[in-house]
Amino acid sequence: MSEKRDWAQLERWDRNYYLHSTQAAAEHVFTAVDSMEGNYFTLSDGTRLLDFQSQLISDSMGHRHPAIHGELKRAMERYGHVLFGLANEYRARAAKLIVEDVLGPNSWAGRVRVFASGTDAVECAVNMARLYTRRTVILTQAHSFHGMVMGSTMMRGYRNNLTPPGDLNAVQDVPGFPPHGYIPIPPPEPEDYQANGPLPSIVATEQILRALGPENVAGVITEPMLGGGGTFPHKDYMPALVGLARKYGILWIDDEVITGFGRLGEWFGYQHWPGIAPDILAGGKGANSCALPVGVVVASKPISEHFERARWWSGSTWDGHPLVCATIVGNLEYMLANNMIQQVRQKSAYLRERLDTLKPKHPSIGRISGRGLFQVIDLVNREGKPIIPEDRFSAFTGDLSEHPNVIVYKETGKRGVFLGGFTPNTLKLGPPFTVSQDDIDLAVDALDAALDVVDAKYHGRGKPN
Ligand SMILES: Cc1ncc(COP(=O)(O)O)c(C=O)c1O
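Everything numeric here is computed off the predicted structure, so don't read it as measured data.

As for the layout of surface pockets
Okay, step 1: Estimated volume of the second largest pocket: approximately 730 Å³.
Okay, step 2: Surrounding the second largest pocket, 27 residues form its lining, Arg-111, Val-112, Arg-113, Glu-308 and Trp-312 being those nearest its centre.
Okay, step 3: Within the residue set of the lining of the second largest pocket, elements represented by two or more residues are α4 (89–102), β4 (109–115), α5 (118–133), β10 (295–300) and α9 (301–309).
Okay, step 4: Element by element, the count of residues in the lining of the second largest pocket is highest for β4, at 5 residues.
Okay, step 5: When its residues are assigned to classes, the lining of the second largest pocket shows 15 nonpolar, 6 polar and 6 charged.

What follows is the structure, given as structure tokens:
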């Protein structure tokens, strides 16, 4: 049942009082969501959009999934907030589901803690690595993203926190950047990189590690597939990087906030490389499909036991919140019972097949890569180079409407599909796991038409619609 809302009033309040991100007030486009259902959402003007990026590659089971919301409603009959010193039913069930049912009782995983965001999970993982090793330095990949508070902001692998008022070409980092204690390492080579011996990124990472002295390095944090950056790494990268961590006795922190809980067609991205396992894993988003704010940390058995034997003063008001844990329970029980990982694989095969048919038609498509329901398309100019030259080092300055991802966002939007990207030349396709074949067809057809516009602009082919 739709109620009438005064969207003009709501727009005034939002414009006047909300502290917005990414757009300056003068360029702000007010786009409001009125309601969400399944794989679709409806805007305040009545436009219905297929959510082909699951909001922030986050709402894995679509919007308001009955299994998740049903469990949440049941939990709300009994629980509000419970402090971390007391247990609650859903905390115990969520922990058992993650450690025993998803990762397996004989796996590397020891214990889990539940938080209010992926950022919290990353921060906790880094604190644990530092406390456990009693060392400071964290190596972190260029082009990576790890969250929004100071520590994780310092870890992210691209620049510019603020394009300041009055100068859309200026770059302002948070003072203190480049940061003490967080050392950048090169990004991974992409999947189609023609390797001729050891990967240059790994050679450089080893040099950095040796120059710092491994005895000063607590760990290295990586994304198994760069989420914001949209790079699926070359097949040799992750095993070689983890090999370095093992060789030099530093911890491997696996940031799976965007890739975890099925997104890449495995429960976790690292499982694409047999024989490697993290020391500490940070997760979030897909743990409960973002029905409520969520983050999780999973620590290996030895690290878990180290902290469990200690007195670790580390509670947050939100640790193990029963309602958040109830949404994890609802999500994971449904995913396990309905073999969602298999479904992701099948749907991703169809999506990839359809995307591959676009490649010969569109000269702007340079590379298609990814796994599961996280496929990325890199767009190129006539020379086969990134259209926006800074590419993944972009500081998001100047006229963003020239960015191919923005063009695609606008064009697919006209055709009922929400799809774009973050890095200027890279499109991210990350639909909910509940996406249907018809939904995939709708999205790929919309993308096909949007790429005609990019081809026309950057390859001089055809006419923009
Ligand atoms: C890889 C990665 N780490 C950490 C975060 C931060 O998570 P949150 O936004 O839940 O704080 C994100 C968010 O997109 C992410 O993609």
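What to know about helix α8 (residues 237–248)
Think of an α-helix as turning once every 3.6 residues; residues three or four places apart then point the same way.
Okay, step 1: Taking 1.5 Å of rise per residue, the 12 residues of α8 would be expected to cover 16 Å, and the 17 Å separating its terminal C-alpha atoms lies within 8% of that figure.
Okay, step 2: Of all the positions in α8, only Tyr-237, Met-238, Leu-241, Val-242, Leu-244, Ala-245 and Tyr-248 are classed as buried. Looking straight down α8, one finds its buried side chains confined to an arc of 150°; they lie on one side.
Okay, step 3: Gly-249 sits one or two residues past α8 and shows a positive phi near 70°.

Focus: the site of the ligand
Okay, step 1: Lining the immediate surroundings of the ligand are Ser-117, Gly-118, Thr-119, Phe-145, His-146, Gly-147, Glu-223, Asp-255, Val-257, Ile-258 and Lys-285.
Okay, step 2: Thr-119 is positioned such that a nitrogen or oxygen atom in its side chain is 2.5 Å from an oxygen atom of the ligand.
Okay, step 3: Within the backbone of Phe-145, a nitrogen or oxygen atom sits 3.5 Å from a nitrogen atom of the ligand.
Okay, step 4: Summarising the interface, the protein chains cover 81% of the accessible area of the ligand, which totals 390 Å² for the free molecule.
Okay, step 5: Across the shell around the ligand, the residue classes tally to 3 nonpolar, 5 polar and 3 charged.

Digging into empty space enclosed by the protein
Okay, step 1: A full pass over the atoms with the stated rule returns 3 cavities of 30 Å³ or more.
Okay, step 2: Taken as a whole, the largest cavity spans an internal volume of roughly 60 Å³.
Okay, step 3: Tallied by class, residues from the lining of the largest cavity come to 3 nonpolar, 5 polar and 2 charged.
Okay, step 4: Shared between two domains, the lining of the largest cavity holds at least three residues of each, these being domain 1 (7–64 + 341–459) and domain 2 (66–337).

Details of α9
Okay, step 1: Turning to α9, its buried residues are Ile-303, Ser-304 and Phe-307. All buried residues of α9 lie within an arc of 100° about the axis, which places them on one face of the element. α9 presents Pro-302 and Arg-309 as exposed residues on the side facing more than 90 degrees away from its buried surface.
Okay, step 2: Turning to α9, the residues buried within the fold contact β4, α5, β8 (251–255), β9 (280–283) and β10.

Looking at the pattern of salt bridges
Okay, step 1: If you walk through the whole model with that rule in mind, you get 27 salt bridges.
Okay, step 2: Linking Glu-37 and Arg-64 is a salt bridge whose minimum nitrogen-to-oxygen distance equals 3.8 Å. Placement of Glu-37 in strand β1 (residues 33–37) and of Arg-64 in the loop between α2 (54–57) and α3 (66–76) is noted, with a sequence separation of 27 residues between them.
Okay, step 3: Arg-246 serves as the salt-bridge partner of Asp-279, at 2.9 Å between the closest nitrogen and oxygen. Of this pair, Asp-279 sits in the loop between β8 and β9 while Arg-246 sits in helix α8, and the two are 33 residues apart along the sequence.
Okay, step 4: Through salt bridges with shared partners, a single network forms among Asp-192, Arg-367, Asp-378, Asp-391 and Arg-392.

A word on the domain arrangement of the protein chain
Okay, step 1: Looking at the protein chain, the domain boundaries give domain 1 (7–64 + 341–459) and domain 2 (66–337).
Okay, step 2: Every contact between the two is made by 34 residues of domain 1 and, on the other side, 39 residues of domain 2.
Okay, step 3: When domain 1 packs against domain 2, close to 3,100 Å² is buried across both sides, 58% of that on carbon and sulfur atoms.
Okay, step 4: In this assembly, domain 1 and domain 2 are joined by 3 salt bridges.
Okay, step 5: Of the charged contacts, one joins Glu-266 and Arg-345 as a salt bridge, the two residues approaching to 3.3 Å between their closest N and O atoms.
Okay, step 6: Our enumeration of links across domain 1 and domain 2 arrives at 17 residue pairs in polar contact (both at pLDDT 80 or more).
Okay, step 7: Mapped onto the side of domain 1 that touches domain 2, the elements with two or more residues apiece are α2, α11 (340–358), β11 (365–371), β12 (374–379) and β14 (426–429).

A short note on the nonpolar core
Across soluble globular proteins, nonpolar side chains have a tendency to be buried as a group.
Okay, step 1: Residues Phe-52 and Leu-447 are the most contacted members of the largest nonpolar core, which totals 95 residues.
Okay, step 2: Sorting elements by how many residues they give to this core places helix α13 (residues 437–459) first, with 10 residues.
Okay, step 3: Structurally, this core is a two-domain feature, drawing no fewer than three residues from each of domain 1 (7–64 + 341–459) and domain 2 (66–337).
Okay, step 4: Those residues in contact with Phe-52 that sit more than four places away from it in its chain are Leu-351, Val-417, Phe-418, Leu-419, Lys-428, Leu-429, Gly-430, Pro-431, Val-435, Asp-439, Ile-440 and Ala-443.

What to know about the sheet that holds β12
Okay, step 1: Reading across the sheet, the 3 strands line up as β11-β12-β14 and stay open at both edges, with antiparallel pairing between neighbours. If you trace the sheet from one side to the other, it starts and ends with β11 and β14, each paired once. For this sheet, the mean angle separating the axes of adjacent strands, direction not counted, is 20°.

Points about the packing of α3 against helix α10 (residues 322–337)
Okay, step 1: Axis separation between α3 and α10 bottoms out at 8 Å; the angle between their running directions is 145°. Where α3 crosses over α10, the two elements pack in a sense that is right-handed. Of the residues in α10, those touching α3 at Ala-67, Ile-68, Glu-71, Leu-72, Ala-75 and Met-76 are Leu-323, Ala-326, Thr-327, Val-329, Gly-330, Asn-331, Glu-333 and Tyr-334.
Okay, step 2: Looking at side-chain class alone, the contact of α3 with α10 contains 9 nonpolar, 3 polar and 2 charged residues.

The rules behind each value
- Residues numbered from 1 in each chain as written.
- Predicted model: local features only at pLDDT ≥ 70, side-chain atom pairs only at ≥ 80, totals over all residues.
- Heavy atoms only, no water.
- 1 Å grid on protein atoms, 1.4 Å probe; cavity = no way out; pocket = protein on both sides within 12 Å on 5 of 7 lines; lining within 4 Å.
- Points joined across faces, edges and corners; volume = space filled by probe spheres on them.
- Helix = DSSP H or I, 4+ residues; strand = E, 2+ residues; numbered from the N terminus.
- Nonpolar A, V, L, I, M, F, W, Y, C, P; charged D, E, K, R; others polar.
- Expected span 1.5 Å × (residues − 1).
- Buried < 20%, exposed > 50% of the residue type's maximum accessible area, 1.4 Å probe, protein only.
- Arc of directions from axis to C-beta.
- Near = heavy atom within 4 Å.
- Polar contact = N/O pair within 3.5 Å; in protein donor to acceptor, adjacent residues only side chain to side chain.
- Areas by Shrake-Rupley, 256 points an atom, 1.4 Å probe, with all protein chains shown as cover.
- Domains from an automatic or database assignment.
- Contact = heavy atoms within 4.5 Å.
- Salt bridge = Lys/Arg side-chain N within 4 Å of Asp/Glu carboxyl O.
- Buried area = accessible area lost by both parts, 1.4 Å probe.
- Core = buried A, V, L, I, M, F, W, Y, C linked by side-chain atoms within 4.5 Å.
- Pairing = 2+ DSSP bridges.
- Axes fitted to C-alpha atoms, helices over the stretch in contact; angles between N-to-C directions.
- Left-handed = near helix turned anticlockwise from the far one by under 90°.

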